[in-house]
Amino acid sequence: MSAGSADVPAPRVLHVVRSLYTGGVARSLLTNLVALEDRCGPQVVCTLTRRGPLAERFEAAGVQVRCLGHRGIGDLPRTVRRLRGLLSSGRFEVAHSHLLLAQVITGLATFGTPRAHVTTLHSSAPGPPSTAGGRRPRALLRRFGLGAVDRYGVDALVAVGPAVQAARLGQRPQDGDRLVTIDNAVDLAHLPTDVDVDAVRSALGADGSQLLVLNVGRLVEAKRQRDLVAIAAAAAERDLDVVVAIAGAGALEAELREAIERSPVAEAVRLLGGRDDVPELLAASDVVVVTSATEGSSIALIEAMAAGRPVVASRIPANEDLIGDGETGWLVGVGDVAGYVEALRSIRADPVEAARRGARAREVVGERHDARVVAASLESLYRRVAAGEIGRPPRRR
């Protein structure tokens with residue numbers, strides 16, 4: 001932080017998201033806001049479409065939640081006006097958006113105003129427009145979000161990990177002067193320590209002799225949860241008794257449920273839906289498996305490492321940023337079902353080594369992803385954009 005930005009009082013920041021659903025982005029945002037409150041005072045989040053199932057948890061943590069009630073692309077002008085009004089009446093100096101819809105609407109609401117716009121890049125995938133499956137409004141938003149707003153309506157971009165930073169610079173090298181990397185955060189000080197593990201496992205139908213395999217993530221193509229059904233079947237063929245629990249909701253839920261029902265090991269796979277008790281599920285699990293074909297910086301993976309769980313993850317750049325194969329977990333090729341099963345067999349055969357890797361993973365998370373460190377980095381960024389050191393000229397106070 002330069003001397004100029006250090007002289008600027010901590011700016012008032014409005015955080016903008018689509019909704020507070022039970023996903024990794026919302027969980028990470030809550031962690032950040034709680035840590036930021038200690039540094040910058042009360043935090044406010046604005047949801048665009050609906051409050052979402054985690055809104056009460058945000059409010060219980062002292063975060064104010066406002067909802068604009070956005071109803072679709074035809075409602076865009078009204079929503080932009082309402083957000084611009086909220087930014088003005090609340091005397092916010094910085095708006096921090098997350099994901100596509102929030103990026104576009106926040107970019108429009110801050111453009112031509114003295115308010116700075118920071119947006120977080122949660123994925124390393126370029127995300128080309130798509131009109132498949134009746135998604136034309138979203139495709140139009142994506143094209144616009146990666147177009148005019150992205151170029152002219154964003155002052156600073158936050159990459160959630162080195163893989164996201166590298167991907168962005170590969171797509172737009174000219175963004176280097178407004179791109180910063182700030183890792184996703186976990187609150188190590190408030191991880192649950194009194195979980196009734198036996199009760200959680202019993203609720204999932206896993207007894208003490210079975211290997212409880214947990215996957216946490218949105219049910220979308222990129223997460224490749226269908227591989228988990230194949231892994232359960234292949235494990236059974238190798239006489240490895242596993243229960244696979246998949247926590248998440250998304251567009252592929254019906255398709256995944258059908259794949260489970262068709263599987264010869266349907267009784268070994270649990271589709272849990274969206275859950276707000278991920279820390280408890282992690283505490284009860286024996287191993288966490290990540291099968292994604294692409295990630296930005298997996299919140300679920302970081303949370304698993306923070307909980308000291310053995311982790312088997314797909315060998316993609318974002319996961320390689322987090323997991324050292326043989327040191328803090330196991331890395332397996334995307335779609336390599338046999339490789340996943342072999343890693344699970346290793347964990348079952350040598351629980352001491354599995355625990356060692358889990359403990360080292362927790363240490364790594366403490367070094368890179370502690371919420372207090374991340375909050376300090378965010379505060380510094382907000383001060384810099386408010387002072388005009390990144391993006392457009394200094395904001396009028």
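None of the values given here were measured: they were computed from a predicted structure.

Q: What's the story with the overall build of the protein chain in this structure? I'm lost.
A: A tally of helices and strands in the protein chain yields 17 helices and 13 strands. Counting every position in the protein chain, which comprises 397 residues, the buried fraction comes to 54%. Taking the contacts inside the protein chain whose residues are at least 6 apart along the sequence as the reference set, 69% of them involve residues at least 24 apart. Entry remark: accessible area of the protein chain is about 16,800 Å², with carbon and sulfur atoms responsible for 51%.

Q: When you look at the packing of helix α2 (residues 24-40) against helix α13 (residues 299-306) in this model, what are you seeing that I'm missing?
A: Helix-helix packing is described using two parameters, namely the angle between the two axes and the distance between the axes. Viewed as axis vectors pointing N to C, α2 and α13 meet at an angle of 55 degrees, and their least axial separation amounts to 9 Å. By the angle between their directions, the pair α2 and α13 is classed as oblique. Packed against α2, whose contacting residues are Gly24, Val25, Arg27 and Ser28, the element α13 presents Ile299, Ala300 and Glu303 at the interface. Class assignment for the residues of the contact of α2 with α13 results in three nonpolar, two polar and two charged.

Q: Honestly, the pattern of salt bridges in this entry has me stumped. Any pointers?
A: Pairing between side chains of opposite charge can happen when the charged atoms of each approach one another. Tallying each qualifying case throughout the model produces 28 salt bridges. In this structure, the salt-bridge partner of Asp75 is Arg78, at a minimum N-O distance of 2.8 Å. Asp75 gets classed as buried once you look at its relative accessible area, which sits at 8%. A salt bridge links Glu367 to Arg360, with the nearest nitrogen and oxygen atoms 3.6 Å apart. When its relative accessible area of 54% is taken as the criterion, Glu367 is described as exposed.

Q: Please explain the sheet that holds strand β6 (residues 156-159) as it appears in this structure.
A: By way of backbone hydrogen bonds, the strands of a sheet pair with one another, either parallel or antiparallel. Taken together, seven strands build an open sheet; the order of strands is β3-β2-β1-β4-β5-β6-β7 and the sheet is parallel. Two strands in the sheet have a free side with no partner beyond their single neighbour: β3 (64-67) and β7 (179-181). Averaged over all neighbouring strand pairs, the angle between strand axes comes to 25 degrees, with direction disregarded. Direction of pairing for strand β5 (residues 116-121) relative to β6: parallel, over a ladder of four bridges. Bridging across to β6, Val118 finds its partner in Ala156. In the packing of α2 onto the sheet, the strands contacted are β1 (13-17), β2 (44-47) and β4 (94-98), and the crossing angle to β1 comes to about 170 degrees. The strands touched by helix α4 (residues 76-89) are β1, β2, β3 and β4; relative to β1, the strand with the most contacts, the crossing angle is about 155 degrees.

Q: Got a minute to help me understand the packing of aromatic side chains in this structure?
A: Given two aromatic rings, their pairing is described by the distance between the two centres and the angle made by the two planes. In this structure the tally under the stated criterion is zero aromatic pairs. The ring of Trp330 is capped by Arg357, whose NZ or CZ atom sits 3.9 Å from the centre of that ring.

Q: Which parts of the structure should I look at to understand the packing of α4 against helix α5 (residues 100-110)?
A: Between α4 and α5, the shortest axis-to-axis distance is 9 Å and the interhelical angle comes to 60 degrees. As far as their axial angle goes, α5 and α4 are oblique. You can see that α4 and α5 cross each other, and the crossing is right-handed. Contacts between α4 and α5 pair Leu76, Thr79, Val80, Leu83, Arg84 and Leu87 from the former with Ile105, Thr106, Leu108, Ala109 and Thr110 from the latter. Classifying every residue of the contact of α4 with α5 gives seven nonpolar, three polar and one charged.

Q: Even after reading the chapter, I still don't get the pairing of strand β9 (residues 242-247), so can you show me in this structure?
A: Within a regular strand, the side chains alternate between the two sheet faces. Burial runs high along β9: six of the six residues are buried. Residues Val242, Val244 and Ile246 line one face of β9 and the alternating positions Val243, Ala245 and Ala247 line the opposite face, and both faces are buried. Bridging between strand β8 (residues 211-216) and β9 involves six bridges; their strand directions are parallel. Within β9, the position partnered with Asn215 by the bridge is Ile246. Once you follow β8 into helix α10 (residues 226-237) and on to β9, the crossover reads as right-handed. Both β9 and strand β10 (residues 269-273) contribute to a ladder of four bridges, which runs parallel. Directly across from Ile246, in β10, lies its bridge partner Leu271. With helix α11 (residues 253-262) bridging β9 and its parallel neighbour β10, the resulting β-α-β unit is right-handed.

Q: Please clarify how α11 should be interpreted in this entry.
A: For an α-helix, the turn length of 3.6 residues means that residues three or four places apart are oriented alike. Residues of α11 that are buried include every one of Leu256, Ala259 and Ile260, and no others. Buried residues of α11, viewed axially, fall in a sector of 100 degrees; they line one side. Residues Ala254, Glu261 and Arg262 are exposed on α11 and point more than 90 degrees away from its buried face.

Criteria and cut-off values
Counting restarts for each chain, with residues numbered from 1 along the sequence as it is written. Local features are withheld for residues below a pLDDT of 70 in this predicted model, meaning they are given only at 70 or higher, and side-chain atom pairs are given and counted only at 80 or more; totals for whole chains, interfaces and linings count all residues. Water and hydrogen atoms play no part in the side-chain values, which are based on all heavy atoms of the structure. Every helix listed is a DSSP run of H or I at least four residues long, and every strand listed is a run of E at least two residues long, numbered separately from the N terminus. With a 1.4 Å probe rolled over the protein chains alone, any residue whose accessible area is under 20% of its type maximum counts as buried; one over 50% counts as exposed, and the rest are partly exposed. By definition, residues are in contact when any of their heavy atoms lie within 4.5 Å. With residues, only the protein chains shown are counted as cover, and all accessible areas are computed by Shrake-Rupley using a 1.4 Å probe. A fitted line through C-alpha atoms serves as each axis, taken over the contacting stretch for helices, and the angle formed by two N-to-C directions is quoted from 0 to 180°. Here is the rule for angles: anything less than 35 degrees is roughly parallel, anything more than 145 is roughly antiparallel, 65 through 115 is roughly perpendicular, and the remaining ranges are oblique. Each residue gets one label: Ala, Val, Leu, Ile, Met, Phe, Trp, Tyr, Cys and Pro are nonpolar, Asp, Glu, Lys and Arg are charged, and the others, such as Gly, are polar. Should a side-chain nitrogen of Lys or Arg be within 4 Å of a carboxyl oxygen of Asp or Glu, the pair is scored as a salt bridge. Should DSSP find at least two bridges between two strands, the strands are regarded as paired. Aromatic rings from Phe, Tyr and Trp, with only the six-membered ring used for Trp, were paired whenever their centres fell within 6.5 Å, and each pair was classed as stacked if the ring planes differed by under 30 degrees, edge-to-face if by over 60, and tilted otherwise. Two limits define a charge over a ring: the Lys NZ or Arg CZ must be within 6 Å of the ring centre, and within 35 degrees of the ring normal. Helix crossings are classified by the rotation of the near helix relative to the far one: an anticlockwise turn of less than a right angle makes the crossing left-handed, while a clockwise turn makes it right-handed. Seen with its strands pointing away from the viewer, a crossover is right-handed if its path from the first strand over the helix to the second goes clockwise. Note: the arc covers the axis-to-C-beta directions of the helix.

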